[in-house]
Amino acid sequence: MKKTPLYEKHVALKAKIIDFGGWAMPVQYTNVIDEHRTTRSAAGLFDICHMGEIEVKGSQALDLLQLVLTRNLADQTVGQVKLSALLNEDGGVIDDLTVYKMDEYSFMLVTNATPKDRDWEWINKIQAEKKFDCELKDVSDPTGKLDLQGPRSEEILQKLTDADLKNLRFYHFCKAKVAGLETIVSRSGYTGEDGFEIYAPENVIGQIWDRLMTAGAELGIKPCGLGARDTLRLESGMMLNGQDMDESVSPLEVPYSWIVDKSKEFVGAAALRAKQSTGIRKKLVGLEMTGRGIARHGYKVFHGEKEIGVVTSGTFSPTLNKAIGLAFMDVDYSAPETAIEVLIRDTMTAAKIVKLPFYKRIK
Amino acid sequence: MSKPNPTDRYYSRDHEWLIYYSDGTALIGITDYAQEMLTDIVFVDLPEIGRKVVPHATVAVVESVKSVSDIFSPVTGEVIEVNQALEDTPELINQDAFGEGWIVSLRLSDPEELKMLLTAADYEEMIKEEK
């Protein structure tokens, strides 16, 4: 298994380590519920060094990205982050990734860990055919990444930087010195809380981790694992690549229509138009258990005798104290408040479709 | 650190404990070591009264935030009682695995099977190797 630069710290903290897409990652340090609630009420620090970073630079960098990504990036400003999808020719989601506009001719793509190599090959294949004036560079290994998430994040990070965090808007980033080290600080994340994603060279990311832990001690910061990351993102109605969607899934079937710009041409656009004309037959929606039990990935969903869907993510929500999940449903049964049943082991258990997100922070 | 394993009961290799009573019934739960491994227990699926079980058959299911774990019966028998307190407070298993967090009560078919189970000392030896 691959190890992040912070691996030894996780072991010293007695974290439970799991294999996540070939990476030895901490799933929890104490327990998931405690880490989850700490992130909602104070601040959580997450090792996200396993995610991928790809640089795209050159006079036609934007042209390449406009072709491979679903989102229209023409109006993206320098210092802005945009979520987008990378599709295959059939319109299936290879990855959902964020695009950082560093300057007019320079971008950074932040990819999920597992599909990173697939992203890299696919974008390079298209570039090899189109030969835009730009260069691609996989900087995943030299780039470290920490996510500092939760309502006390700004206060903690501000102790270590002169950057004006108060005026850094959501889904925007700046170059900033944190603890005297060059970083990129982005106000974004995967938890539904205010917070930051911090990028720095892998050889100094450990120093930043330590300084944040010290600066945040009096404000209740705790290291958090992938377990809490998963429950936090699910409560916030966010999907997990590889679990809620894969290359067989269209962005139109999941809550990603908003990152697809139908007015531009991109790889997979023709397939999406075809899909739209034949009709979308399934849809990823939220569900809440009304009977006793927890829906889990792979459980089948029924309406009477009829199988109408499958659960893609499911957990006990530490904030709402109830069982929640995401499921791919036949569109006829995808409207909020539709009563359904989830087959849990050998018992049909009552549930209903609900609107996403399950949890929204009060700003 | 897990709590010490009480010596008044039997243990299974699947991390269950069993207290045998002279009326032929037994109380079953999971060990403190097991609850530590599972961490935050958020749901317990209890069996129906009257369910017949054999050794290694699933008698209950315990879920943490992330995982779903079968609890196996250490012996052959019939479920005569379940710990209904776990329906609303599954965390009792985390708080008091050897006491208030008991899971089911069984009537044993064959008390001779108890000889196949471990003593507290045997069990401690086993988890030492697991660690």
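The numbering scheme is per chain: residues are counted from 1 as the chain's sequence reads. Chain A is the first chain written and ligand 1 is the first ligand written, with later ones labelled in order. Residue-level local features of this predicted model are given only where pLDDT is at least 70; pairs of side-chain atoms are given and counted only at 80 or more, and the full residue set underlies all totals for whole chains, interfaces and linings. Values shown for side chains rest on all heavy atoms present in the structure; no hydrogens or waters enter the calculation.

What follows is about the overall build of chain B. Runs of H or I in DSSP of at least four residues are treated as helices and runs of E of at least two as strands, each being numbered from the N terminus. Of regular secondary structure, chain B possesses 4 helices and 9 strands. Listed by position from the N terminus, the elements making up chain B come as β-β-β-α-β-β-β-β-β-α-α-β-α. Principal-axis analysis of the C-alpha atoms gives chain B an extent of 35 × 35 × 20 Å. Should any heavy atoms of two residues lie within 4.5 Å, those residues are considered in contact. A separation of at least 24 residues holds for 60% of the contacts in chain B among residues at least 6 apart in sequence. Surface accessibility of chain B: about 6300 Å² in total, with carbon and sulfur atoms responsible for 51%. A residue counts as positive if it is Lys or Arg and as negative if it is Asp or Glu; His and the chain ends are not included. One atom stands in for each charge, and that atom is NZ of Lys, CZ of Arg, CG of Asp or CD of Glu. Charge-centre separation for chain B: the mean point of 10 positive side chains lies 4 Å from the mean point of 26 negative side chains. To be clear on the numbers: accessible area is Shrake-Rupley with a 1.4 Å probe, and residue cover counts the displayed protein chains and nothing else.

In terms of regular secondary structure, chain A is built from 8 helices and 20 strands. Based on C-alpha atoms, the radius of gyration is set beside the globule rule, defined as 2.2 Å times the residue count to the power 0.38. A compact globule built from 363 residues should have a C-alpha radius of gyration of about 21 Å, and chain A, at 21 Å, falls within 12% of that. Only protein chains enter the accessibility calculation, which uses a 1.4 Å probe; a residue whose area is less than 20% of its type maximum is buried, one above 50% is exposed, and one in between is partly exposed. When burial is assessed residue by residue, chain A has 59% of its 363 residues classed as buried. Summarising the internal contacts of chain A: among those between residues at least 6 apart in sequence, 65% fall at separations of at least 24.

All names here are of chain A. In this analysis an axis means a line fitted to C-alpha atoms, helices contributing only their contacting stretch, and an angle means the value between N-to-C directions, from 0 to 180 degrees. One way to put it is that helix α2 (residues 32-41) packs onto helix α7 (residues 226-235) with a least axis distance of 8 Å and a crossing angle of 55°. In terms of orientation, α2 lies oblique with respect to α7. When you trace α2 past α7, the crossing you get is right-handed. Residues V32, E35, H36, T39 and R40 of α2 lie in contact with α7, whose contacting residues are G227, A228, T231, L232 and E235. Each residue gets one label: Ala, Val, Leu, Ile, Met, Phe, Trp, Tyr, Cys and Pro are nonpolar, Asp, Glu, Lys and Arg are charged, and the others, such as Gly, are polar. A breakdown of the residues in the contact of α2 with α7 according to their chemical character gives 3 nonpolar, 4 polar and 3 charged. Orientation labels follow simple angle bins: below 35 degrees gives roughly parallel, above 145 gives roughly antiparallel, 65 to 115 gives roughly perpendicular, and whatever is left gives oblique. Each helix crossing is assigned a hand: it is left-handed if the near helix lies turned anticlockwise from the far helix by less than a right angle, otherwise right-handed if that turn is clockwise.

A word on the interface of chain A and chain B. Buried accessible area, meaning the area lost when the parts come together, often serves as the stated size of an interface. Residue-level contacts link 18 residues of chain A with 15 residues of chain B. By definition, the buried area sums, over both parts, the 1.4 Å-probe accessible area that each loses when the two are put together. Counting the surface lost from both chain A and chain B, the interface buries some 1400 Å², and carbon and sulfur atoms represent 51% of this. A per-residue breakdown of the area chain A buries against chain B is headed by R292, R296 and R345 of chain A, which together make up 44% of the total. Salt bridge, as applied in this entry: a Lys or Arg side-chain nitrogen positioned within 4 Å of an Asp or Glu carboxyl oxygen. On inspection of chain A and its partner chain B, the count reaches 4 salt bridges. Of the charged contacts in the structure, one is a salt bridge between E63 of chain B and R345 of chain A, with a shortest N-O distance of 3.1 Å. Whenever two N or O atoms come within 3.5 Å, that pair is a polar contact, provided that in protein one can donate a hydrogen and the other can accept it, and provided that, for residues adjacent in sequence, both atoms are side-chain atoms. Between chain A and chain B we count 11 residue pairs in polar contact (both at pLDDT 80 or more) in total.

Turning our eyes to something else, we now look at the packing of aromatic side chains. Residues and elements named next belong to chain B. For Phe, Tyr and Trp, rings pair up if their centres lie within 6.5 Å, where Trp contributes its six-membered ring, and each pair is then called stacked (planes under 30 degrees apart), edge-to-face (over 60) or tilted (otherwise). Evaluated as defined, the whole model comprises 5 aromatic pairs over all chains. Each ring, one from Y11 and one from F98, has its centre 6.5 Å from the other, and the planes form 80°; the classification is edge-to-face. Linking Y11 in strand β1 (residues 10-11) with F98 in the loop between α3 (92-95) and β9 (104-108), this pair joins segments that are 87 residues apart in sequence. Taken individually, Y11 and F98 each receive the classification buried, so the pair is uniform in this respect.

What follows concerns the sheet that holds strand β2 (residues 16-20) of chain B. Within a sheet, each strand pairs with its neighbour through backbone hydrogen bonds, oriented either parallel or antiparallel. Residues and elements named next belong to chain B. A pair of strands is treated as paired once DSSP finds two or more bridges between them. Spatially, β1-β2-β3-β9-β8-β5 is the arrangement adopted by the 6 strands of the open sheet, whose pairing is antiparallel. With partners counted over all chains shown, the strands left at the sheet margins are β1 and β5 (52-53), one partner each. Here β2 pairs with strand β3 (residues 25-30) via 5 bridges, running antiparallel. Counterpart to Y20 in the pairing with β3 is A26.

Moving on, we come to the domain arrangement of chain A. Residues and elements named next belong to chain A. Considered domain by domain, chain A is made up of domain 1 (2-48 + 142-235), domain 2 (52-138) and domain 3 (281-354). Note that the domain bounds reflect an automated or database-derived domain assignment. Computed over C-alpha atoms only, the centres of domain 1 and domain 2 are separated by 25 Å. Facing 13 residues of domain 1, the contacting portion of domain 2 comprises 14 residues. Joining domain 1 to domain 2, the criterion identifies 0 salt bridges. Linking domain 1 to domain 2 there are 4 residue pairs in polar contact (both at pLDDT 80 or more).

Time to look at helix α6 (residues 205-216) of chain A. What a helix should span is 1.5 Å times the count of its residues minus one. Taking 1.5 Å of rise per residue, the 12 residues of α6 of chain A would be expected to cover 16 Å, and the 16 Å separating its terminal C-alpha atoms lies within 8% of that figure. Of all the residues in α6 of chain A, the buried ones are I205, G206, I208, W209, L212, A215 and G216 of chain A.

All names here are of chain A. Of the consecutive residues L356 and P357, the connecting peptide bond is found in the cis state with omega at -5°. Positionally, P357 belongs in the segment after β20 (347-354). The phi angle at Y171 is positive, at roughly 60°, despite the residue not being glycine. Looking at Y171, the relative accessible area reads 22%, which means it is partly exposed.

This next bit is on the nonpolar core. All names here are of chain A. Side-chain atoms within 4.5 Å link the members of a nonpolar core, which is a set of buried Ala, Val, Leu, Ile, Met, Phe, Trp, Tyr and Cys residues. Residues Y100, M289, V301, M329, I340 and V342 are the most contacted members of the largest nonpolar core, which totals 38 residues. Not counting residues within four places of it along the chain, the set of residues in contact with M289 comprises A295, A323, V342, I344, T349, A350 and A351. Core analysis: the second largest hydrophobic core is formed by 29 residues, Y29, L45, F196 and I205 among them.

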